[in-house]
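Close look at the chain arrangement
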Amino acid sequence: MSTSFIKRCVFYFVGILIVALGIAMQVKGFVMGLSPWDVLHFGLWQSVGLTFGSWSVIIGILIVVATSLMVKALPKGGVYVNLLCMGAFIDFFVWLLPDTALWPAQALYFTGGVFVAAFGTALYITPNLGAGPRDSLMMILVTKFNLRMARARFLMELIVAVIGLLLGGPVFIGTVLIVLFYGKLIDVFFPYTREMLIRFIGYNDPRILKLK
């Protein structure tokens, strides 16, 4: 096992942890609304049954199947790690972070969480070990249709938010902000996370993700 692979794995796991922290911060700032995917999970929970977390996993599995059929190949191993670990990490940070009933504090939680999650997303897709199910779908849109990451994310999140809203999921200003700006934030962070990983490894490993 090469040193480069180990360092890419470290980068990947740190990225997942940071994404989970960002999502937990958004949960603590629920007054601002939910992210588009969570709007969908909530709507399915209210309309069909089961639990919020169950739908998060089920949708993730469906996306893995769909993306595998689209590219006619099984996803990289990191996708399965993300699918299994992300929920547990989010639950841990939700438990760890203090609750607040103050609107300004919740707004700060949510806003900070969006930036943290966007940075974490750029961080864990950079090693090219396999993004999470939802981010894998975003990356397929980027490569298949020659879209910028921000545009692919915008289209994906917009469609998901509309479906979730029709199912009864809660949409507020935070949802709109994520749809409009989350992909752009990832675009902003990606060149820096790529440079960070190159420096961490010590050379420009060709397996590191490189986008146009």
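Please refer to the structure higher up on the page.
Let me begin by describing the structure that accompanies this report. (Residues numbered from 1 in each chain as written. Predicted model: local features only at pLDDT ≥ 70, side-chain atom pairs only at ≥ 80, totals over all residues. Heavy atoms only, no water.)

**Points about the nonpolar core**
Judged by nonpolar contacts, the single largest core of 43 residues is most densely connected at Trp37, Ile125, Met149 and Tyr182. When contributions to this core are tallied by element, the ones reaching two or more residues are α1 (3-28), α2 (36-47), α3 (52-71), α4 (77-96), α5 (103-125), α6 (133-144), α7 (149-166) and α8 (173-201). Phe11, Ile18, Leu197 and Ile208 belong to the second-largest nonpolar core, a separate cluster that totals 7 residues. (Core = buried A, V, L, I, M, F, W, Y, C linked by side-chain atoms within 4.5 Å. Buried < 20%, exposed > 50% of the residue type's maximum accessible area, 1.4 Å probe, protein only. Helix = DSSP H or I, 4+ residues; strand = E, 2+ residues; numbered from the N terminus.)

**Considering a nonpolar patch on the surface**
A surface patch of nonpolar side chains, amounting to about 670 Å² of accessible area, comprises Leu165, Val171, Phe172, Ile173, Val176, Leu177, Leu180 and Phe181. Here the nonpolar patch takes 5 residues from α8, the largest share from any one element. (Patch = residues over 30% accessible without salt bridge, like charges linked within 9 Å, V, L, I, M, F, W, Y side chains within 5 Å. Areas by Shrake-Rupley, 256 points an atom, 1.4 Å probe, with all protein chains shown as cover. Salt bridge = Lys/Arg side-chain N within 4 Å of Asp/Glu carboxyl O.)

**Notes on the environment of Ile178**
Along the chain, the position of Ile178 falls in helix α8. For Ile178, a relative accessible area of 3% corresponds to the buried category. Residues Ile178 and Ala118 lie 60 residues apart in sequence; the distance between their C-alpha atoms is 9.8 Å. Ignoring anything within four residues of it in the chain, the contact list for Ile178 reads Gln26, Ser35, Pro36, Phe110, Val114 and Glu157. (Contact = heavy atoms within 4.5 Å.)

**A closer look at unusual backbone geometry**
Despite not being glycine, Asn128 shows a phi value in the positive range, around 60 degrees. Within the secondary structure, Asn128 is located in the loop between α5 and α6. Classification of Asn128 by relative accessible area gives partly exposed; the value is 25%.

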